[in-house]
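What the coordinates show
What follows is the residue order along each chain.
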Amino acid sequence: MLHAIAAFLRREGETLERAPAHEMLRVGLCLAFTGGFLDAYTYLLRGGVFANAQTGNMVLMALYAARRDGRAFYYLLPIAAFLAGVIVTEWLKARLTNAQHIAWQHVVLLAEAILVFAVGFVPRSVPDAVVNVTVSFICSLQVNSFRRTRGLPYATTMCTGNLRSAGEHVFAWAHGDKTAGRAALRYCAVILVFCAGAWAGAVLAGAWGVHAVWACSAALLAAAALLAAVYYFARPQPVAGAKTVTVEVIHGDGSIRTAELHTDETYLGPALLSSE
């Protein structure tokens, strides 16, 4: 059984040459399930709103502002939380893009799982705005970190764009583009799982109440575990014995320096240090 799992993860890793691991469809389906679930959860238990996207909040803010109603200022909170999520993910991307042992998408998934788990402890007596603003932040982290599935642009917290892309690729497939058919199926899978997440959210909200959102933590942790496993099994394997390494350094003034290292080191780090 363990050998079969390892073989599967290695096959997934082989596709990293075509697209990064976080663009795997299985990861996207976990995220789409979470997106649909959170929409159902906030609508049924947290004030009858859809907190995943901000278009509705912007429209409501404008409507209340037109009536000179002070409630317009409330909608700045989820909008600001969404913007903060984008800034946080961009900061993580800048800090961790070259990290050797962890991808910044792992950090995002773990942060989402922790925040969602915390939301499950918030009783319904607490104002809905607290949870909805938190969910807006969570969804911002997700939508800004996972933008593509095998190179195709998509979203996991809303479905309008996915539906448009599915229709576009169905049309292209009908006119002879075979690869468009596979892309259309990928979009349809994301849409169906998003709807399945909303269905599960409705069922579990009735059974578990505010704790139902912990199902999202499980889905997010599953995505994080899959990513970590694929990175582990697909990581470059060290090669023992004598080898020659070519290093090209591009300086700030545009000049290029090339050097060759002859080493018996198994890993590149010690080889570079020994050459200094």
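Above this text is the structure in question.
Residues numbered from 1 in each chain as written. Predicted model: local features only at pLDDT ≥ 70, side-chain atom pairs only at ≥ 80, totals over all residues. Heavy atoms only, no water.

Next up on the list: the overall build of the chain. Scanning the chain for helices and strands turns up 10 helices and 4 strands. Taking the intrachain contacts of the chain between residues at least 6 apart in sequence as the baseline, contacts between residues at least 24 apart amount to 67%. As presented, the chain carries roughly 15,600 Å² of accessible surface, and 66% of it is formed by carbon and sulfur atoms. (Helix = DSSP H or I, 4+ residues; strand = E, 2+ residues; numbered from the N terminus. Contact = heavy atoms within 4.5 Å. Areas by Shrake-Rupley, 256 points an atom, 1.4 Å probe, with all protein chains shown as cover.)

Turning to a nonpolar patch on the surface, a few remarks are in order. Residues Tyr43, Leu44 and Phe50 make up a contiguous nonpolar surface patch of roughly 320 Å² in combined accessible area. Among the structural elements, Tyr43 can be located in helix α2 (residues 25–45). (Patch = residues over 30% accessible without salt bridge, like charges linked within 9 Å, V, L, I, M, F, W, Y side chains within 5 Å. Salt bridge = Lys/Arg side-chain N within 4 Å of Asp/Glu carboxyl O.)

Our focus in this paragraph is the side chain of Thr156. Topologically, Thr156 is positioned in the loop between β2 (152–153) and α7 (160–174). Those residues within four positions of Thr156 in sequence are excluded, and the remaining contacts are Gly28, Leu31, Ala32, Gly35, Gln142 and Phe194.

Further remarks concern the packing of helix α4 (residues 76–96) against helix α6 (residues 128–145). α6 packs onto α4 with a crossing angle of 35° between their chain directions and a minimal axis gap of 7 Å. Crossing hand, α4 versus α6: right-handed. Across the interface between the two elements, Leu77, Pro78, Ala81, Phe82, Ala84, Gly85, Val86, Val88, Thr89 and Glu90 of α4 pack against Val133, Ser136, Phe137, Cys139, Ser140, Leu141, Val143, Asn144 and Ser145 of α6. In terms of residue class, the contact of α4 with α6 is made up of 12 nonpolar, 6 polar and 1 charged. (Axes fitted to C-alpha atoms, helices over the stretch in contact; angles between N-to-C directions. Left-handed = near helix turned anticlockwise from the far one by under 90°. Nonpolar A, V, L, I, M, F, W, Y, C, P; charged D, E, K, R; others polar.)

Relative to the elements of secondary structure, Leu83 occurs in helix α4. Since its relative accessible area comes to 53%, Leu83 is described here as exposed. When the C-alpha positions of Leu83 and Phe137 are compared, they lie 7.8 Å apart, and in sequence the two are 54 residues distant. (Buried < 20%, exposed > 50% of the residue type's maximum accessible area, 1.4 Å probe, protein only.)

Time to look at the environment of Lys93. The topology assignment puts Lys93 in helix α4. The class of Lys93 is partly exposed, set by a relative accessible area of 25%. A C-alpha to C-alpha distance of 8.7 Å links Lys93 and Ser145, two positions 52 residues apart in sequence.

Moving on: the packing of helix α3 (residues 55–66) against α4. Two quantities define a packed helix pair, namely the angle between the helix axes and the distance between the axes. Between α3 and α4, whose axes approach to 9 Å, the crossing angle comes to 145°. The chirality of how α3 crosses α4 is left-handed. Contact residues: α3 offers Asn57, Met58 and Met61, while α4 offers Leu76, Pro78 and Ile79. Classifying every residue of the contact of α3 with α4 by side-chain character gives 5 nonpolar, 1 polar and no charged.

This paragraph deals with helix α5 (residues 104–119). For α5, with 16 residues, the first-to-last C-alpha span of 23 Å sits near the 22 Å given by 1.5 Å per residue. Looking at α5, one finds that the buried residues are Trp104, Gln105, His106, Val108, Leu109, Glu112, Ala113, Val116 and Val119. (Expected span 1.5 Å × (residues − 1).)

Next up on the list: the nonpolar core. Grouped together as the largest cluster of nonpolar side chains are 47 residues, with contacts concentrated most on Val27, Phe37, Leu38, Tyr41, Leu109, Phe146 and Val213. Of all the elements in the fold, those that place two or more residues in this core are α2, α5, α6, α8 (178–208) and α9 (214–234). Aside from chain neighbours lying at most four places away, what touches Leu38 is Asn52, Val135, Ile138, Cys139, Val213 and Cys216. (Core = buried A, V, L, I, M, F, W, Y, C linked by side-chain atoms within 4.5 Å.)

Turning our eyes to something else, we now look at the environment of Leu92. When you line up the elements, Leu92 lands in helix α4. A sequence separation of 53 residues divides Leu92 from Ser145, and the C-alpha atoms of the two residues are 9.8 Å apart.

It is worth spelling out the packing of aromatic side chains at this point. All chains considered together, the criterion is met by 7 aromatic pairs. Pairing Tyr43 with Phe50 gives two aromatic rings, centres 5.0 Å apart and planes at 10°, and the pair type is stacked. Each ring, one from Tyr74 and one from Tyr75, has its centre 5.0 Å from the other, and the planes form 75°; the classification is edge-to-face. On the basis of relative accessibility, which here comes to 31%, the residue Tyr74 falls in the partly exposed class. We classify Tyr75 as buried; its relative accessible area is 12%. Pairwise contacts between aromatic rings join Tyr64, Tyr74 and Tyr75 into one cluster. One residue, Arg67, lies across the ring of Tyr64, its end atom 5.8 Å from the ring centre. (Phe/Tyr/Trp six-rings, centres within 6.5 Å; stacked < 30°, edge-to-face > 60°. Lys NZ or Arg CZ within 6 Å of the ring centre and 35° of its normal.)

Here we come to unusual backbone geometry. Both trends apply: most residues other than glycine have a negative phi, and most peptide bonds are in trans. Of note in the backbone geometry, Arg68 takes a positive phi value of approximately 55° without being a glycine. Checked against the element boundaries, Arg68 lands in the loop between α3 and α4.

What follows is about α3. With 12 residues, α3 extends 17 Å between its outermost C-alpha atoms, agreeing within 8% with the 16 Å of an ideal straight helix rising 1.5 Å per residue. One or two positions beyond α3, positive phi appears at Arg68, with a value near 55°.

For the rest of this paragraph, the subject is the pattern of salt bridges. All told, the structure shown has 4 salt bridges when counted by the stated rule. Ionic pairing is found between Glu90 and Arg147, a salt bridge with its closest N-O pair at 3.5 Å. Linking Glu90 in helix α4 with Arg147 in the loop between α6 and β1 (148–149), this pair joins segments that are 57 residues apart in sequence. Residue Arg147 is classed as partly exposed on the basis of its relative accessible area, which comes to 43%. Put simply, Glu90, Lys93 and Arg147 are held in one network by salt bridges that share partners.

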